[in-house]
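Here is what each chain is made of, one letter per residue.
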Amino acid sequence: MEKYVIQGGKPLRGTVEISGAKNAAVAIIPAAIMVRGVCRLENLPQISDTDTLLHTLTYMGAKVNMINPSTVELDCTHVQMDVLPEDMWVRTRKIRASYYLIGAMLGRFGRARTTMPGGCNFGVRPIDQHLKGLSALGADISLSGGFINATAKNGRLTGTTVYLDKVSVGATINIMIAAATAEGRTVIENVAREPHIVDLANFLNSMGADVRGAGTDVIKIRGVKQLHGGTYALIPDQIEAGTYMAAVAAAGGAVRVANVIPKHLECISSKLREMNVEVEEGDDYVLVRRDGPLHPTNLKTKPYPGFPTDMQPQMTAVLCCAPGVSVVTEGVWNNGRFKYVGELKKMGARIEVEDQSAFLQGVDRLTGAVVRACDLRAGAAMVIAGLAARGETKIEDIVYIERGYQDIVGKFRALGADMRCVDEPDEAQADPACVSAG
Ligand code: UD1
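To continue, consider the overall build of the chain. Broken down by element type, the chain carries 14 helices and 23 strands. Taken over the C-alpha atoms alone, the chain extends approximately 65 × 45 × 40 Å along its principal axes. A total of 438 residues make up the chain; the buried ones form 58% of that total. Within the chain, residue pairs in contact and separated by at least 24 positions form 74% of the contacts whose partners lie at least 6 positions apart.

What follows is the structure, given as structure tokens:
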């Protein structure tokens, strides 16, 4: 199996270009099903999750024309439902964002049939708020044989007011997509405010929708009959940028993290500064430098603009190397999302997890080991730990990392890291806690 091999301990230097946002791409590609005409998407990340979704659209009858590796023209004028073969459902099910097909199909066809979503396995991932919102818009929903079936009464959804009981990125996006072509006005209250929610709203609006308030906690949508073609460039990936910033903090050195929106990185930048890492903001880049010892700190994840849960494993890896006591508390996923700490312990990390918090006693240096990527961001944490560690680290199950990081090996090698991808049999001892769902 393919794995990453890292000889750690080399400081990182140079410039890294951040790709388009994964979580924006996995919402915008399904939303393109509702567009009648050619929709050109620029700054798309080249990762396996976007490949899978583009394949799904191709099977549905979309014309998918790659203009260059990060630009695609999609023509969904003639897409159909009920045409995906079983093996395509098996692939689609592996990504969490497949649930956006429900909102998009309901918006386009007035009915939907999709598989129950998979994605990274960090605990129970309910979709009750998605279903509540879509039902409120007039969809009859039933679950059977691992599939979700939904039908809009009278063939079209109807605008209404929906209050989300839990701030959910996925539910906000799904309801927003479905409501874009519903009859009348929809108000969604207590919504998530992540940058990719604003990006999706901007995408929908540039295709003729009328979505207002994205980025605040109330979104108002006036439904339009249909969406038309257009061109849209996705925002840069906040989490990919944060991952490279964290890697510099752990391994030391000085890196210009380019093609970013510094405002989206503010909470990560401030946390790194508390840890004795210099972060200087430019217009579309941040300069990250770490020469001295890391300082310990505490952090708690929260919905945006709070500290992102998708940066929690990477920051835990950095804090393992900060002498002193740090506490990392997970405030979004209620199982703590700490399945990966056993892997960091194999590298000499001193961590104890209790309920929603990890208590860390930083060490001077981690030591290379054979570890596994338990999920996408946990895998990124292993890369960071490997870059900082003394000796060789091998990371297995890298398929999870490649779901969300474009050319991670090439990008780190360009910064001077000794990292390569090799194909050899697995060696890591299976840790039952570190099992990914796909
Ligand atoms: C999205 C991101 C994921 C990130 C998460 C939180 C995508 C493809 N994935 O996931 O990387 O970790 O946001 O920033 O964009 N919840 C419910 N009922 C629901 C939906 C969610 O109780 O119907 C709960 C979840 O269990 C969790 C919390 O709400 O505790 C946040 O989940 P949500 O924001 O929906 O995460 P995802 O959209 O799945």
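From this point on, the discussion continues.
The next thing to look at is the packing of helix H8 (residues 238–251) against helix H9 (residues 266–274). Where H8 contacts H9, the two axes come as close as 10 Å, and the packing angle between them is 10°. Classified by the angle their axes make, H8 and H9 are roughly parallel. Across the interface between the two elements, Gln238, Gly242, Met245 and Ala249 of H8 pack against Ile268, Ser269 and Leu272 of H9.

Before going further, it helps to spend a moment on the sheet that holds strand E10 (residues 185–189). Strand order in this open sheet of 4 strands is E9-E10-E12-E11, and the pairing throughout is mixed. Each edge of the open sheet is held by one strand with a lone partner, namely strand E9 (161–163) and strand E11 (210–212). Across the sheet, the mean angle separating the axes of adjacent strands is 15° when strand polarity is ignored. Relative to strand E12 (residues 218–222), E11 is paired through 3 bridges, and the arrangement is antiparallel. From the neighbouring strand, Val211 faces E12, where its bridge partner is Ile221.

What follows deals with the packing of aromatic side chains. Evaluation of the coordinates by the stated rule reveals 4 aromatic pairs. Geometrically, the ring pair formed by Tyr99 and Tyr100 is edge-to-face, given 4.8 Å between the ring centres and 70° between the ring planes. Between Tyr244 and Phe412, the ring centres sit 4.5 Å apart and the planes meet at 35°, which makes this aromatic pair tilted. Of the two residues, Tyr244 sits in helix H8 while Phe412 sits in helix H14 (residues 408–414), which places them 168 residues apart along the sequence. You'll find Tyr244 and Phe412 in the same group, each marked buried. Here the basic side chain of Arg113 rests over the ring of Phe147, its NZ or CZ set 3.9 Å away from the ring centre. Between the NZ or CZ atom of Arg256 and the centre of the ring of Tyr285, over which it lies, the distance is 3.8 Å.

Here the focus is unusual backbone geometry. Here the amide bond leading from Tyr304 into Pro305 is cis, since omega sits at 10°, within 30 degrees of zero. One can find Pro305 in the loop between strand E17 (298–300) and helix H10 (312–319). A positive phi angle, close to 50°, is found at Asp355, a residue other than glycine. Its place among the elements puts Asp355 in the loop between strand E19 (350–354) and strand E20 (357–362). Notably, Asp407 is not glycine yet its phi reads approximately 45°, a positive angle. Its location among the elements puts Asp407 in the loop between helix H13 (399–402) and H14.

The next subject is helix H5 (residues 128–136). Three or more residues of H5 are buried, namely Gln129, His130, Leu131, Gly133 and Leu134. Elements that come into contact with the buried residues of H5 comprise helix H4 (100–109), strand E7 (139–144), E9 and helix H6 (169–179). A positive backbone phi angle near 105° is found at Gly138, which sits one or two residues after H5.

Turning our attention to the site of the ligand. Taken together, 21 residues are adjacent to the ligand, and Gln129, Ser168, Val169, Asp310 and Val332 come closest. Measuring from an oxygen atom of the ligand, one finds a backbone N or O atom of Val169 at 2.7 Å. Notes on the ligand: free accessible area 740 Å², of which the protein chains cover 92%. At the level of secondary structure, the elements contributing two or more residues to the shell around the ligand comprise helix H1 (22–31), H5 and H6.

With that settled, consider the domain arrangement of the chain. Put simply, an interface is often sized by how much accessible area is lost when its parts join up. Assigned domains of the chain: these are domain 1 (2–19 + 237–423) and domain 2 (22–233). Taken over C-alpha atoms, the centre of domain 1 sits 30 Å from the centre of domain 2. If you look at the interface, domain 1 gives 22 residues, while domain 2 gives 22 residues. In total, about 1,900 Å² of surface goes out of reach between domain 1 and domain 2, with carbon and sulfur atoms giving 51% of it. Contact with domain 2 buries surface across domain 1, with Tyr304, Trp333 and Arg403 losing the most and accounting together for 35% of the total. Inspection of the domain 1/domain 2 interface yields 1 salt bridge.

The next subject is helix H7 (residues 195–206). Since the α-helix turns once every 3.6 residues, residues separated by three or four places project in the same direction. In this model H7 runs 17 Å from its N-terminal to its C-terminal C-alpha over 12 residues, within 8% of the 16 Å that 1.5 Å per residue would give. Looking only at H7, the buried set comprises Pro195, His196, Ile197, Asp199, Leu200, Ala201, Phe203 and Leu204. Phi turns positive one or two residues past the end of H7, at Gly208, with a value near 105°.

In this section: the environment of Pro296. Within the fold, Pro296 resides in the loop between strand E16 (285–290) and E17. Using a relative accessible area of 31% as the deciding quantity, one classes Pro296 as partly exposed. For the pair formed by Pro296 and Glu274, sequence separation is 22 residues and the distance between their alpha carbons is 8.1 Å. Sequence-distant contacts of Pro296, defined by excluding residues within four places in its chain, comprise Leu319, Ala322, Pro323, Gly324, Val325 and Ser326.

Spatial ordering of the open sheet is given by E21-E22-E1-E23, a layout of 4 strands whose pairing is mixed. Each of the sheet's edge strands pairs with one partner strand only, and the pair in question is strand E21 (370–372) and strand E23 (418–423). In this sheet, neighbouring strand axes are inclined to one another by 25° on average, regardless of whether the strands run parallel or antiparallel. With 6 bridges joining them, strand E1 (residues 2–7) and E23 adopt antiparallel strand pairing. Opposite Val5, over in E23, you have Arg420 as the bridge partner.

Conventions and cut-offs
Residues numbered from 1 in each chain as written. Predicted model: local features only at pLDDT ≥ 70, side-chain atom pairs only at ≥ 80, totals over all residues. Heavy atoms only, no water. Helix = DSSP H or I, 4+ residues; strand = E, 2+ residues; numbered from the N terminus. Buried < 20%, exposed > 50% of the residue type's maximum accessible area, 1.4 Å probe, protein only. Contact = heavy atoms within 4.5 Å. Axes fitted to C-alpha atoms, helices over the stretch in contact; angles between N-to-C directions. Parallel < 35°, antiparallel > 145°, perpendicular 65-115°, else oblique. Pairing = 2+ DSSP bridges. Phe/Tyr/Trp six-rings, centres within 6.5 Å; stacked < 30°, edge-to-face > 60°. Lys NZ or Arg CZ within 6 Å of the ring centre and 35° of its normal. Near = heavy atom within 4 Å. Polar contact = N/O pair within 3.5 Å; in protein donor to acceptor, adjacent residues only side chain to side chain. Areas by Shrake-Rupley, 256 points an atom, 1.4 Å probe, with all protein chains shown as cover. Domains from an automatic or database assignment. Buried area = accessible area lost by both parts, 1.4 Å probe. Salt bridge = Lys/Arg side-chain N within 4 Å of Asp/Glu carboxyl O. Expected span 1.5 Å × (residues − 1).

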